[in-house]
Amino acid sequence: MKTGTPLLLFAAILIFSCSKKSDPPKPEAPPPTPPVANIAKVVKGHLLKACDISLQPGGNFRISYQWNADSSLKKYSAVNPATQAETAVDFHYSNGELSRITTENSLSEGVYSFKDGKVDRVSSRHLINPTGRNYYFTYNTDGTLARIRYFRYNEAGEQLQLEVTYAWDAAKRPTVIINTQPNGHVRTIRIQAWSEPFSFSPWIFSESEMDLENFELFNVPMLFHLDRMPSRFTEHTKPAGGTETLVRRWELDHTIQQDKLTFRKALVIYPADPQLNRTIEHTFHY
C-alpha cells in the first residue's frame, strides 16, 4: 500500500518606518482568491507549495507541489530529507479534464473517467499485466457521494472486493461510512466532529490510485464537496455474525489562518493495542 498524501501556512508582517513620526502601517494585501471549483480538473482551494510531514514513531519527509496555469495540479514530489530520495507523481489532462496519474518508477497508473461532471470511475491498472483495481462512484441527487464499489480485475474479469455506502447530515457532511465485504465483514467509520471551514485542494488529503489508508473518507469525489475536514472519528469492525469492535480512533487539531490550513496534528489511538499509537504532524507552506 502506498503512503498517503499531505497540506498549508500563512504569516502577516506589519512594517513600520524608523522616522520620528511613524508612517501608518501598510495595509495587508488581500489573500488570493481560491480557484473556481471544477472537479473534472480537480481545481479547488489555495495552492500549496509544500507540506512537511512528521511521523512519530517514524521519520520526516516533505511533499512539494506544482500547479498549472489554470490552478489544476501538475505534479507533486515526495522527498526524504535524510536520504534525498524523491518520488514524483505527474497529473495528465485530456481535453481539459484529468485523465491519468503516473508515479515515477511505478508499474501502475491511475486512470480517471468522468460522467456528467463527476468522477465516474478510478482505475489503478498495471502497466504490463492485465490486472488492477476499479472503483465505481454513485451519487445522490444533491451531488453528495452515495456509494463506491471496489473491484479487482484480471483476465477472468472483475471480482467485487467491497462496497462503501455513505450517510449524510443536513449540512451535507458524512456521518457514517460503511464498508461491506462480500463475506459479510463490515468496517464502519463514524465521524463525531469537524474542523472550522477552510479552502483546500482535495489532492492534499487524497491519493492518486485510491490505495490510501481510509480511502473511504479521503477520496477526491467526497472531499471536493466539503469545506472542512473531520477532527474526530472512530473505526469499528464487525465480522459476519459477530460483534462490533472499536479498532482505533483519530483525534485531529487543525490550525486555520485566513481560510488556510497551516498545521494539523493527528493522534491515532488503538484502545486495545496502545503500543501502536502514533502521531502525525503536517505543516503547510503556501
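Predicted model, so just to flag it, every value in this text is computed and none were measured.

This paragraph deals with the side chain of Arg-173. By the secondary structure assignment, Arg-173 is in the loop between strand S10 (157–168) and strand S11 (174–180). Of the buried charged residues, Arg-173 lacks a salt bridge, with Asp-169 as the closest side chain of opposite charge at 4.3 Å. Contacts of Arg-173, omitting those with residues within four sequence positions, involve Ala-167, Trp-168, Trp-194, Leu-226 and Arg-228.

So, on to the confidence of the model for the chain. With 89% of its residues at a pLDDT of 70 or more, the chain shows a mean pLDDT of 88. Segment residues 1–22 is flagged for pLDDT under 50; beyond a separation of four residues in sequence, or across chains, it makes 72 contacts in the model.

A few words on the pattern of salt bridges. For the structure on display, the rule yields 13 salt bridges. Glu-109 is the partner of Arg-100 in a salt bridge, and the nearest nitrogen-oxygen pair spans 2.8 Å. Here Arg-228 ties to Asp-227 by a salt bridge, and the two come within 2.8 Å at their closest N and O atoms. What makes Arg-228 buried here is its relative accessible area of 15%. Salt bridges linked by common partners bring Arg-187, Glu-216, Glu-235 and Arg-248 together as one network.

This next bit is on the packing of aromatic side chains. If you walk through the whole model with that rule in mind, you get 13 aromatic pairs. Judged by centre distance (5.9 Å) and plane angle (50 degrees), the rings of Tyr-65 and Tyr-76 are tilted. Of this pair, Tyr-65 sits in strand S2 (residues 60–67) while Tyr-76 sits in strand S3 (residues 73–79), and the two are 11 residues apart along the sequence. There is no split in this pair, since Tyr-65 and Tyr-76 are both buried. Here the aromatic cluster, defined as three or more aromatic residues joined through ring pairs, consists of Tyr-65, Trp-67, Tyr-76, Phe-91, Tyr-112 and Trp-203. When the ring centre of Tyr-139 is taken as origin, the NZ or CZ atom of Lys-118, which lies over that ring, is 5.8 Å away.

Position of Glu-244 among the secondary structure elements: in the loop between strand S13 (230–238) and strand S14 (245–257). The exposure class assigned to Glu-244 is partly exposed, which follows from its relative accessible area of 34%. For Glu-244, the residues in contact, after removing those within four places along its chain, are Thr-188, Arg-190, His-236, Thr-237 and Lys-238. A polar side-chain atom of Glu-244 sits 3.0 Å from a polar atom in the side chain of Arg-190.

Quick look at the nonpolar core now. Tyr-65, Phe-137, Trp-203 and Phe-205 are the most contacted members of the largest nonpolar core, which has 59 residues in total. In terms of residue count, the dominant contributor to this core is S2 (4 residues).

Below, the discussion takes up the pairing of S3. Here S2 pairs with S3 via 6 bridges, running antiparallel. Its bridge partner being in S3, Trp-67 is matched across the sheet by Leu-73. Connecting the antiparallel pair S2 and S3 is a turn made up of 5 residues, with Ser-71 showing a positive phi of about 75 degrees. As judged from the 5 bridges shared by S3 and strand S4 (residues 86–94), these two strands associate in the antiparallel manner. When the sheet's bridge partners are listed, Ser-77 is paired in S4 with Ala-88. Hairpin connection between S3 and S4: a loop of 6 residues separates the two successive antiparallel strands, and Gln-84 in this loop has a positive phi of roughly 65 degrees.

The rules behind these values
- Residues numbered from 1 in each chain as written.
- Predicted model: local features only at pLDDT ≥ 70, side-chain atom pairs only at ≥ 80, totals over all residues.
- Heavy atoms only, no water.
- Helix = DSSP H or I, 4+ residues; strand = E, 2+ residues; numbered from the N terminus.
- Buried < 20%, exposed > 50% of the residue type's maximum accessible area, 1.4 Å probe, protein only.
- Lys, Arg positive; Asp, Glu negative; His and termini not counted.
- Salt bridge = Lys/Arg side-chain N within 4 Å of Asp/Glu carboxyl O.
- Contact = heavy atoms within 4.5 Å.
- pLDDT = per-residue confidence, 0-100.
- Phe/Tyr/Trp six-rings, centres within 6.5 Å; stacked < 30°, edge-to-face > 60°.
- Lys NZ or Arg CZ within 6 Å of the ring centre and 35° of its normal.
- Polar contact = N/O pair within 3.5 Å; in protein donor to acceptor, adjacent residues only side chain to side chain.
- Core = buried A, V, L, I, M, F, W, Y, C linked by side-chain atoms within 4.5 Å.
- Pairing = 2+ DSSP bridges.

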